[in-house]
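Descriptive analysis of the structure
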Amino acid sequence: MDVNAAVAAAAAIAGLCTGVIAMLAFRWSERDQARPTRTSLHTDAALPPGVDTVLSVLRSSAVVLDESDAVVKASSAAYALGLVRGGKLAVEPMLHMARDTRRDGEIRQVELDLPRRGTGRGEALAVSARVAPLGSRLVLLLVEDLTEARRIEAVRRDFVANVSHELKTPVGALSLLSEAVMDASDDPEAVTRFAGRMQIEATRLTNLVQELIDLSRVQNDDPLEDAEPVRVDELVAEAIDRSRHPASTKQITMAVGGTTAPGAEGATSDLHIWGNRGQLAAALGNLVENAVNYSPARTRVGISARRITVSGGDLIEIAVTDQGIGISEKDRERVFERFYRVDPARSRATGGTGLGLAIVKHVAASHGGEVTVWSSEGQGSTFTLRLPEAGAVRDRSSTGPDRVDEDDDRPFDSEPSDQNTVIPAPEVLP
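Residues numbered from 1 in each chain as written. Predicted model: local features only at pLDDT ≥ 70, side-chain atom pairs only at ≥ 80, totals over all residues. Heavy atoms only, no water.

The next point concerns the sheet that holds strand β9 (residues 253-256). Strands in a sheet are paired, the pairing made by backbone hydrogen bonds, and the direction either parallel or antiparallel. Taken in spatial order, the 5 strands of this open sheet run β9-β11-β12-β14-β13, and their pairing is mixed. The sheet is open, and its two borders are formed by β9 and β13 (370-376), each paired with just one other strand. With direction set aside, neighbouring strand axes in the sheet form an average angle of 20°. Strands β9, β11 (300-310), β12 (313-321) and β14 (380-388) of the sheet are contacted by helix α9 (residues 277-293), whose axis makes an angle of about 30° with β12. (Pairing = 2+ DSSP bridges. Helix = DSSP H or I, 4+ residues; strand = E, 2+ residues; numbered from the N terminus. Axes fitted to C-alpha atoms, helices over the stretch in contact; angles between N-to-C directions. Contact = heavy atoms within 4.5 Å.)

What follows is the structure, given as C-alpha cells:
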C-alpha cells in the first residue's frame, strides 16, 4: 500500500512538472512570436488599417516611427540603404525632422548625402527624405534614392558643356576668318588662303554635327529592329573606301588579313554579322579612319577578320591594327569616352571630334558585342570588335576547320593558318 502511494505521488509530481514546463514553453513561444522582425518591429495592429498594404507597394524606402522614435514598420529597402539599425532610425537629420513633424504636424522634405554601407570608397548616397504625420502619434518617413538620377544628370550636363565647347571652336573660327576675308578683299592671295581655312572649319563643323546625330541615333535606336545578315567583307571594303584618300595622301598601305592565303576568296561569304548595316559600317569605318589619321606616313594599317568560338556561340572578330603613336595605359581606360582625345592637338589637326570611338562602343554594345584595345606607345594600336555571328546564314559543322580558340592572340603580321578565314583586300594602296 505504501508503495502504491509513493508511485502515485511521484506520478503527480511528474505531471505537475510537465504542466509547468508546457506552460513556460507556451509563454516563451508567444513572446518569441511577438518579437519585432526585420520588416515589422511592432505588430501590424499599431498601424492604421490599410497603411501596411500601401507601404508594401511604394517604390520609396518607408519607415514608420512611434512617439518614442521606435521603428514600427520599415521596408526592406530602408534596411538596404542603412536607414534603420537595431530598431532605430540611424540617420540623425531624418530623426530630427521626424521629431519636428510630430511636434507641429508639418510636412518636411530635405535632400541629404549619406555614406554608403559596406564600401571603402568615399562615394555618397544622394537621397530625398520626406516626413509626414501618420495619424495622431505616428510619423511616416519616405526616402527616395537620387544617386543614379544625379549621375545621369551630371553626364548630361558634361555632354552639353562639351558639345557647346566643340561647336564654339569652329563657329568662332569661321567668324574670324570671314572678317579676315572682308579685310583682305583687295588681296586675292589672302582671300584664297582664308577661304581654304574656312572650308576646313566648315568641314569640321559638319563632321561634328553628323557624329552627334550618329551618336544620338545609336543610343536611342534599337539596331535589332532592322537587323539583317551583313557580310563582313562588304563592311571592310566600305571602311577602306572611306579612308582611301587620306591613306593615299600619307602613302599608308591598307591591307586586309595580312598574308592572303590561297583559296581564301571562296570563304569570305561565310562571315556574316547580325545587325544594322549602317551602324556596323559606321563603327568599322571609324576604327579604320582613326588608324589612318594616327599613323605616320608610309606605314601600314591592317584589317583582319575571323570567327571565334565562345561558350555562348560563335563571334566574328574584326581587328584594326596600325603602326601609329600608340596609347598610354592611363589613356586606354578613357579612349571610348565622348570627346576624349589622347592628343588634342593632333585630333584637331586631323579634324577629329572625339566621338568616333564612343560611337563604336555604343554600336558594339547595342549589337551584343564589345570593343577592346591593345596598344603600346610608339609601336601602334589594335582595336578589336567582337560581334555575334549571323548563325542563320550558314549551316556548318560544330567542328569545322575554321574554328579557332578564343585565346588565340596571334599578331596581325603572323602567317594565317587554316583556322582563320582571311578576307582579301578589295584593293591595296601603293
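Taking 1.5 Å of rise per residue, 17 residues should cover 24 Å, and α9 covers 24 Å from first to last C-alpha, within 8% of that figure. For α9, a buried count of 12 out of 17 residues is recorded, marking the element as mostly surrounded by other parts of the structure. Listed in full, the buried residues belonging to α9 are Gln279, Leu280, Ala281, Ala283, Leu284, Gly285, Asn286, Leu287, Val288, Ala291, Val292 and Asn293. In this structure Asn276 caps α9, since a side-chain oxygen of it lies 3.0 Å from the backbone nitrogen of Gly278. (Expected span 1.5 Å × (residues − 1). Buried < 20%, exposed > 50% of the residue type's maximum accessible area, 1.4 Å probe, protein only. Polar contact = N/O pair within 3.5 Å; in protein donor to acceptor, adjacent residues only side chain to side chain.)

On to helix α7 (residues 232-242). Among the residues making up α7, those that are buried are Val232, Asp233, Leu235, Val236, Ala239 and Ile240. Seen end-on, α7 carries its buried residues on one side only, within an arc spanning 160°. (Arc of directions from axis to C-beta.)

Turning our eyes to something else, we now look at the environment of Arg386. If you trace the backbone, Arg386 turns up in strand β14. Given a relative accessible area of 15%, Arg386 falls into the buried group. It is 5.5 Å that separates the C-alpha atoms of Arg386 and Glu370, two residues lying 16 residues apart in sequence. The residues touching Arg386, leaving out its near neighbours within four places in the chain, are Ile308, Leu315, Ile316, Glu317, Gly369, Glu370 and Thr372. In this structure the side chain of Arg386 is engaged in a polar contact, spanning 2.7 Å, whose partner is the side chain of Glu317.

Pairing within the open sheet is antiparallel, and its 5 strands lie in the order β2-β1-β7-β6-β5. Each of the sheet's edge strands pairs with one partner strand only, and the pair in question is β2 (71-74) and β5 (108-115). Each adjacent strand pair in this sheet contributes to an overall mean axis angle of 25°, direction not counted. With 3 bridges connecting them, strand β1 (residues 61-65) and β2 associate as antiparallel partners. Looking across to β2, one finds that Val63 is bridged to Ala74. Taken strand by strand, helix α4 (residues 92-104) contacts β1, β5, β6 (124-134) and β7 (138-145), and its axis lies near 165° from that of β5.

Turning to its location among the elements, Ser381 is positioned in strand β14. At 2.7 Å, the side chain of Ser381 and the side chain of Ser375 are in polar contact. Dropping the residues within four chain positions of it, Ser381 is found in contact with Val320, Thr321, Asp322, Gly326, Ile327, Trp374 and Ser375.

Within soluble globular proteins, side chains that are nonpolar generally end up buried alongside one another. Val232, Ile273, Leu284, Ile303, Ile318 and Val320 are the most contacted members of the largest nonpolar core, which has 45 residues in total. Taken together, the elements giving at least two residues each to this core come down to α6 (188-220), α7, β9, α9, β11, β12, α12 (356-366) and β14. For this core, the element with the highest residue contribution is α9, accounting for 8 residues. Val84, Val91, Leu114 and Val131 belong to the second-largest nonpolar core, a separate cluster that totals 24 residues. (Core = buried A, V, L, I, M, F, W, Y, C linked by side-chain atoms within 4.5 Å.)

What follows covers the pattern of salt bridges. Under the counting rule described, the total for this entry stands at 18 salt bridges. For Arg99, the salt bridge is made with Asp69, and the minimal N-O distance between the two is 2.7 Å. In this pair, Arg99 sits in helix α4 while Asp69 sits in the loop between β1 and β2, placing the two residues 30 residues apart along the sequence. The exposure class assigned to Arg99 is partly exposed, which follows from its relative accessible area of 34%. (Salt bridge = Lys/Arg side-chain N within 4 Å of Asp/Glu carboxyl O.)

The next thing to look at is the confidence of the model for the chain. Mean pLDDT over the chain: 75, with 71% of residues reaching 70 or higher. Across the chain, element-level confidence peaks in β14 with a mean pLDDT of 92 and bottoms out in helix α11 (residues 344-350) with 50. Every residue in residues 36-45 is under pLDDT 50, and counting partners more than four places away or in other chains gives 19 contacts. Counting interchain partners and residues more than four positions distant, the pLDDT-below-50 stretch residues 392-430 has 86 contacts. (pLDDT = per-residue confidence, 0-100.)

The final tally for this structure, using the stated rule, is 1 aromatic pair. Here the aromatic rings of Phe336 and Phe383 are separated by 6.1 Å at their centres, their planes lie at 85°, and the arrangement is edge-to-face. You can see Phe336 sitting in the loop between α10 (329-332) and α11 and its partner Phe383 sitting in strand β14, a full 47 residues away along the chain. Directly above the ring of Phe194 sits Arg193, whose terminal nitrogen or CZ lies 5.1 Å from the centroid. (Phe/Tyr/Trp six-rings, centres within 6.5 Å; stacked < 30°, edge-to-face > 60°. Lys NZ or Arg CZ within 6 Å of the ring centre and 35° of its normal.)

This part covers the packing of α7 against α9. Relative to each other, α7 and α9 sit at 50°, their axes nearing to 8 Å. Here α7 is positioned oblique relative to α9, judged by the angle of their axes. α9 is crossed by α7, and the crossing has right-handed handedness. Contacts between α7 and α9 involve Glu234, Leu235, Val236, Glu238, Ala239 and Arg242 on the former and, on the latter, Arg277, Leu280, Ala281, Ala282, Leu284, Gly285, Asn286, Val288 and Glu289. Here the residues of the contact of α7 with α9 sort into 8 nonpolar, 2 polar and 5 charged. (Parallel < 35°, antiparallel > 145°, perpendicular 65-115°, else oblique. Left-handed = near helix turned anticlockwise from the far one by under 90°. Nonpolar A, V, L, I, M, F, W, Y, C, P; charged D, E, K, R; others polar.)

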